[in-house]
Structure formats: C-alpha cells, structure tokens
Amino acid sequence: THHTSFNFRQARESYAEGFALWQLAYRQQAVDSPPAQQPLRLSSPEPLTLDPTKAFDASTLTVIRHLFSGLVGVSPEMDVLPEVARSWDVSADGRRYVFHLRDDVAWTDGTPVTAGDFEYAWKRMLNRETGCYFASLLYDVRGARAFHQGEVSAADSVGVSALDDVTLAVELERPTGYFLHLLVYAIPVPRHVVEAHGDAWAEADYIVTNGPLRLEAWERGQAMLLARNPDYRGQFTGNVRQVELSVMPQTEWAVALARYEGHGLDVLDIGSFPVLQLDHARLRHPGEYISAPEASTYCLGFDLSHPPFDDSRVRRAFAMAIDKERLADAKLGGHSFPATGGFVPPTIPAHSSGIGLSYDPDQARGLLSEAGYPGGRGFPLVEAAVLSSPETSLLSEYLRGQWLRELAVDSSWEALEWQPLLHRVYCLLYTSPSPRD
C-alpha cells in the first residue's frame, strides 16, 4: 500500500518487517507429505515456446511460470512476494531499487542463478531483434524505451546492472507504484545456455530452468511431462511430483470433457466451453465445480498503421457501440463480467472502476461522423481475425450485429487456430514501419 502510494520511505520500513516475517514463515513451512502416487493430469494448448523472452500468450506463459522463477511472485491476493530476490531496497525518491538475491538458487544443470542472468535477460527482452512481445513492460526502467525503439544502440544505457552475483540494481525513469508487479514476467534466462545454443536453447534437448518444475519430456502435439525440481528452494509444500499435460486445442472441449469424465484428467478448465455446454458440465458435476476469479480482459486490437483505425474517434465509436452488459449477460451467460473498469481488471493495481467507455450509440455515431463517415457511408469493410472457438464465435456474431445496427458498418470475421492467430498478431506488432508501444 505504501509503495503504490509513492510513500517509499514508509514502504522500505514495511518491507524490512515483511521480509523478516517471510523468512520466518519459510523456515516453518510444513514437511512434505508422502509423494502422490500418480502425476497430476491436466490439459493445455500446445506451448508455442519455452523461452520466457519470446512467450506472449496466456497458455504458454502459464507453463513457463512453473518452469522459471523471477525476482518476485504474487500471491492469490495479488500481493508481491519474494522469489529469487530474498529482499529489496527502494530509494526515498522511488527511482532506484537494489534486489538482494538468494545464494542457493541454481539452474537445473547446477549452475548458480546470478544477478547477471537477470541483467542479460532484461536487455535481451529490450533488444528489438529478439522480438519480445512484453518488452514494453520494462519501459519504466531508465533508458529501456530508447534502447528498444532504436533511439540508442548501447545496451549499457539501460538502467539495470549486476553489482555482483547476488545484487541487482535497477534505476527507473520516474517513481512507479506498480513496478514490482511488472517483474513477475521479467524472468531470467541462463546466459551460458542461450549463448551456447542460440534460439534452440529452449528446446527439450537443451533447456535448463530454475522453477518449481522442470521439463522431463515433450512430445509435440501430444503431451508434456513436468517433474518436481528437487533443487528448487522456494515454497513448494504439496506432494505433487509430476504434472502431465495432455496437449489439446481449446476447440477440442468435448474430447477434454470425455477424458475428464473417463478419469483421464484430474482437473478440467471449462472456461472456454460453449456457454450451454459449460452450464451442462457444471450441473453434471456440482460437487467438483470450483469458480474462481481470473485477472484477464477480453479486448479488441485495432491496426493503427493506416486508416480508418488510426483515428481515435473511430476506435472510440466502435467501442461505444458495444453494449458490454448485454454481451456479458445474454451472450456469455454471466460467466464473464463487463469491463467497466477499462483494460485493467479488478484486484490489479491501477484498476479504476467505471473508467471504461460506456455504451452510447448516439455518441458513437457522432464520433464516426466527425471522423468523416456519417451514417457509416464510405467506411470500408472491417476485416477481423478471431480464435476459432464456440465462445469467440458468439463474440464475433454479436459484434458484427452491433456495429451493423448502430454504425451501419459491416465486418468480416476470419476464424483462426490459436498459433496462426498469435502469429498474425505478432507480425502486425513487429513488421510495422515504426516501433509502437
């Protein structure tokens, strides 16, 4: 609370007390129970990569977060907790952080994890040739934006440096209350392995990791086997020894449900099921159904590199022509909530209730007219790509109808599988004439 309020002096005192309590809790954690007799069996889409620097979709990042540990983690309540960093100091002005790393953290090949691995990983993220989708998460670091966007060529201009093997210093452009939360995805990579094998370092034959699980086997298109990392020194009090991931696209929900009901899966995420089938599965297994919030937001991305969506009035018009309340209730069965707080979901720092654009078709039509398209006249056919799934099919049908009715603008929706869709988004981001956030 002190940190997000920019009260860094008080935050430092509270951190000192918190770190002491954390170390006490860590020493008192429960002794492991007897090992589970079988792997924990789950289903998951195919990870696109195991390189933390190049991952940019939720399914891939979920696997990576179990294979790698960063400086910090977060609790279910979204509180920042130590991971590889045992503690950190914040300057009174909030612009300099010094992270003190644990000295018992190692890669799965036995090599120590050092502050140099973090410095190398962050600068690799910011090197535009790497193609890191999340590079902008580090833009609060001094010089990070300029280096990533090619305004300067020297990586040494970026304000992150390893003072020694267990001390990492970070300087920011300005005080940033949410900075520590961003570090959840600023994951280290093993410099010695990356430099030895290049882009192939994250393949099953070469990869080394530092998280609670390690990669045991990966049969592409079929399954992944993750095993407990015996050298992991973080908190891991359960009895799971292996995790077996059956690779299934989200479109194969019926196959996944049949496997769960046939006792071939221990846990099944039904969030991507068609609404009617989701309710059906929930009612068939009421004693096994668990509902939990997810910090995620469904959003539309516009191509800003050419008209008509380079005009903010057009983008606002399309947003204000969507009745998000009706979409959530009537179309998605109340399993999702309208994003009235904008892009940042509840429980995440910077969430502001009611900041999102409201449904206002009259104002939407006025904005479209101001942009040069009165009554939708002259507006080109909107070409959109969407994930091929029952849920997104409902979304695309609803949006096409809304825009046609409220703005007199038609749209064409192409349904793509997960990997081709992400590839198209990635190409749009990294082949544009000039760098953009």
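Further up the page is the structure itself.
Here's a quick rundown of the structure. (Residues numbered from 1 in each chain as written. Predicted model: local features only at pLDDT ≥ 70, side-chain atom pairs only at ≥ 80, totals over all residues. Heavy atoms only, no water.)

A look at the sheet that holds strand β10 (residues 242-247)
If you trace the four strands from one edge of the open sheet to the other, you get β1-β10-β9-β8, paired in mixed fashion. Looking at the sheet topology across the chains shown, the edges are occupied by β1 (40-44) and β8 (213-219). This sheet shows a mean twist of 20 degrees between the axes of neighbouring strands, independent of strand direction. Bridge analysis of strand β9 (residues 223-228) against β10 gives five bridges, and the strand direction is antiparallel. The residue bridging Leu226 from the neighbouring strand is Val243, located in β10. The sheet strands contacting helix α2 (residues 58-67) are β8, β9 and β10, and the helix crosses β8 at an angle near 135 degrees. (Pairing = 2+ DSSP bridges. Helix = DSSP H or I, 4+ residues; strand = E, 2+ residues; numbered from the N terminus. Axes fitted to C-alpha atoms, helices over the stretch in contact; angles between N-to-C directions. Contact = heavy atoms within 4.5 Å.)

A short note on helix α7 (residues 253-261)
Three or more residues of α7 are buried, namely Trp253, Ala256, Leu257 and Tyr260. The arc enclosing the buried residues of α7, seen along the axis, measures out at 100 degrees, which places them on a common side. For α7, the secondary structure elements touched by its buried residues are α8 (275-284) and α12 (390-407). (Buried < 20%, exposed > 50% of the residue type's maximum accessible area, 1.4 Å probe, protein only. Arc of directions from axis to C-beta.)

Quick word on the packing of aromatic side chains
Summed over the entire model, instances satisfying the criterion amount to 21 aromatic pairs. Measuring from ring centre to ring centre gives 6.1 Å for Tyr97 and Phe99, while their planes differ by 10 degrees; the resulting arrangement is stacked. Judged by its relative accessible area of 0%, Tyr97 is buried. An aromatic cluster of three or more residues is present, and its members are Phe302, Phe309, Phe318, Tyr373, Phe379, Trp403 and Trp413. (Phe/Tyr/Trp six-rings, centres within 6.5 Å; stacked < 30°, edge-to-face > 60°.)

Some words on unusual backbone geometry
Leaving glycine aside, a negative phi is the common case for residues, and trans is the common case for peptide bonds. In this structure, Pro308 follows Pro307 across a cis peptide bond, with omega equal to 5 degrees. Turning to its location among the elements, Pro308 is positioned in the loop between α8 and α9 (312-320). The phi angle at Phe6 is positive, at roughly 65 degrees, despite the residue not being glycine. Structurally, Phe6 can be placed in the segment before α1 (8-27). Phi angles above zero are rare outside glycine, and His263 is one such case at about 65 degrees.

Here's the deal with the pairing of strand β12 (residues 411-416)
The side chains of a regular strand alternate, first on one face of the sheet and then on the other. With six bridges joining them, strand β11 (residues 382-387) and β12 adopt parallel strand pairing. In the strand pairing of β12, Val382 is matched with Ser411. Handedness of the β11-α12-β12 crossover: right-handed. (Right-handed = clockwise from strand over helix to strand, strands pointing away.)

As for the side chain of Asp323
Considering the arrangement of structural elements, one finds Asp323 in the loop between α9 and α10 (324-331). Of the buried charged residues, Asp323 lacks a salt bridge, with Arg326 as the closest side chain of opposite charge at 5.7 Å. A polar contact is formed between the side chain of Asp323 and the backbone nitrogen of Arg326, at a distance of 3.2 Å. Beyond its immediate chain neighbours, meaning those up to four positions away, Asp323 contacts Tyr359, Tyr398 and Gln402. (Lys, Arg positive; Asp, Glu negative; His and termini not counted. Salt bridge = Lys/Arg side-chain N within 4 Å of Asp/Glu carboxyl O. Polar contact = N/O pair within 3.5 Å; in protein donor to acceptor, adjacent residues only side chain to side chain.)

Some words on the environment of Leu278
Structurally, Leu278 is set in helix α8. In sequence terms Leu278 and Leu394 are 116 residues apart; their C-alpha atoms lie 14 Å from each other. With sequence-adjacent residues up to four places away left out, Leu278 is seen in contact with Ile270, Gly271, Phe273 and His335.

A few points about the pattern of salt bridges
In a structure, side chains of opposite charge can pair up when their charged atoms sit close to one another. Under the definition given, this model contains 20 salt bridges. Taking the shortest distance from any N to any O, the salt bridge between Lys123 and Asp156 comes out at 3.9 Å. Taken together, the residues Lys123 in helix α3 (residues 115-126) and Asp156 in the loop between α4 (144-148) and β6 (160-164) connect sequence positions 33 residues apart. Judged by relative accessible area, Lys123 falls into the buried class, the value being 12%. With a shortest N-O distance of 3.0 Å, Glu203 and Arg220 are connected by a salt bridge.

Purely spatial values, then, with no claim about function.
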